[in-house]
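# A look at the structure
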Amino acid sequence: EVQLVESGGGLVQAGGSLRLSCTTSGFTFEDYTIGWFRQAPGKEREGISSLSCADGSTYYADSVEGRFTISCDSAKNMVNLQMNSLELEDTAIYYCAAQIVADGAWQTHLIDYWGQGIQVTVSS
């Protein structure tokens, strides 16, 4: 059974920080790129960050570059997303996702496995 389970998140003031975690099971962790999408009401789901723990390669969307940092803990089959300098526009449901490495681009239609999502709300 494949599982991706998000934790962390919640309510934070603008300028603050949160850390999201994604714990995975049921597939070969090192064969997949793991990362995050987010979706706000009325907007398309947006890929924001990913990494391949096997070689450490990372991707960041322009909207989060310099503020968010993705990291892996291979021993725990876990990926973390440290979110700093949060802005009102970061409010969304955040989804962990997994993609077979060979698929390349971090896009919704190429994702193999999805988590259930977790709410992040940034207040003024």
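Structure first, text after, so check above.
One structure accompanies this document, and this report is about it. Since the structure is predicted, the reported quantities are computational estimates derived from the model, not experimental observations. (Residues numbered from 1 in each chain as written. Predicted model: local features only at pLDDT ≥ 70, side-chain atom pairs only at ≥ 80, totals over all residues. Heavy atoms only, no water.)

Here the focus is the overall build of the protein. Secondary structure assignment for the protein yields 0 helices and 11 strands. Reading the helices (α) and strands (β) of the protein from amino to carboxyl end gives β-β-β-β-β-β-β-β-β-β-β. In terms of overall dimensions, the protein is globule-like: its C-alpha atoms have a radius of gyration of 13 Å, near the 14 Å expected for 124 residues. For the protein, the C-alpha atoms occupy an extent of roughly 40 × 30 × 25 Å along the three principal directions. Put simply, the protein has 124 residues, and 42% of those count as buried. Nonlocal contacts in the protein, meaning residues at least 24 apart in sequence, comprise 58% of its contacts between residues at least 6 apart. Accessible area for the protein stands at about 6,300 Å²; split by element, carbon and sulfur atoms hold 45% of it. Across the protein, 6 positive and 15 negative side-chain charges occur, with their mean positions spaced 8 Å apart. (Helix = DSSP H or I, 4+ residues; strand = E, 2+ residues; numbered from the N terminus. Rg over C-alpha atoms; globule rule 2.2 N^0.38 Å. Buried < 20%, exposed > 50% of the residue type's maximum accessible area, 1.4 Å probe, protein only. Contact = heavy atoms within 4.5 Å. Areas by Shrake-Rupley, 256 points an atom, 1.4 Å probe, with all protein chains shown as cover. Lys, Arg positive; Asp, Glu negative; His and termini not counted. Charge placed at Lys NZ, Arg CZ, Asp CG, Glu CD.)

Here the focus is the state of the cysteines. In total, this model carries 1 disulfide according to the counting rule given. Covalent S-S linkage joins Cys22 and Cys96, the inter-sulfur distance amounting to 1.9 Å. Handedness here is read from the sign of the S-S torsion; for Cys22 and Cys96, about -85°, the answer is left-handed. Taken as a pair, Cys22 in strand 3 (residues 18–25) and Cys96 in strand 9 (residues 92–100) lie far apart in primary sequence, 74 residues in all. (Disulfide = S-S within 2.5 Å.)

Read across the sheet, 4 strands follow the order 1-3-8-7 without closing on themselves; strand pairing throughout is antiparallel. Sheet topology places strand 1 (3–8) and strand 7 (68–73) at the edges, where each strand pairs with a single neighbour. For this sheet the average axis-to-axis angle between neighbouring strands, irrespective of direction, equals 20°. In this structure, strand 7 lies alongside strand 8 (residues 78–83), joined through 6 bridges in antiparallel fashion. Pairing of Ile70 across the sheet is with Leu81, part of strand 8. (Pairing = 2+ DSSP bridges. Axes fitted to C-alpha atoms, helices over the stretch in contact; angles between N-to-C directions.)

A complete count under the given rule lists 4 salt bridges for this structure. In this structure, Glu46 engages Arg38 in a salt bridge whose closest nitrogen and oxygen atoms are separated by 3.0 Å. In this structure Glu46 comes out as partly exposed when scored by relative accessible area, which is 28%. Connected through salt bridges with shared partners, the residues Arg38, Glu46, Arg67, Glu87 and Asp90 form a single ionic network. (Salt bridge = Lys/Arg side-chain N within 4 Å of Asp/Glu carboxyl O.)

With respect to the helices, strands and loops of the structure, Trp114 is situated in strand 10 (residues 113–114). When the C-alpha atoms of Trp114 and Ile70 are compared, they prove to be 17 Å apart, with 44 residues separating the residues in sequence.

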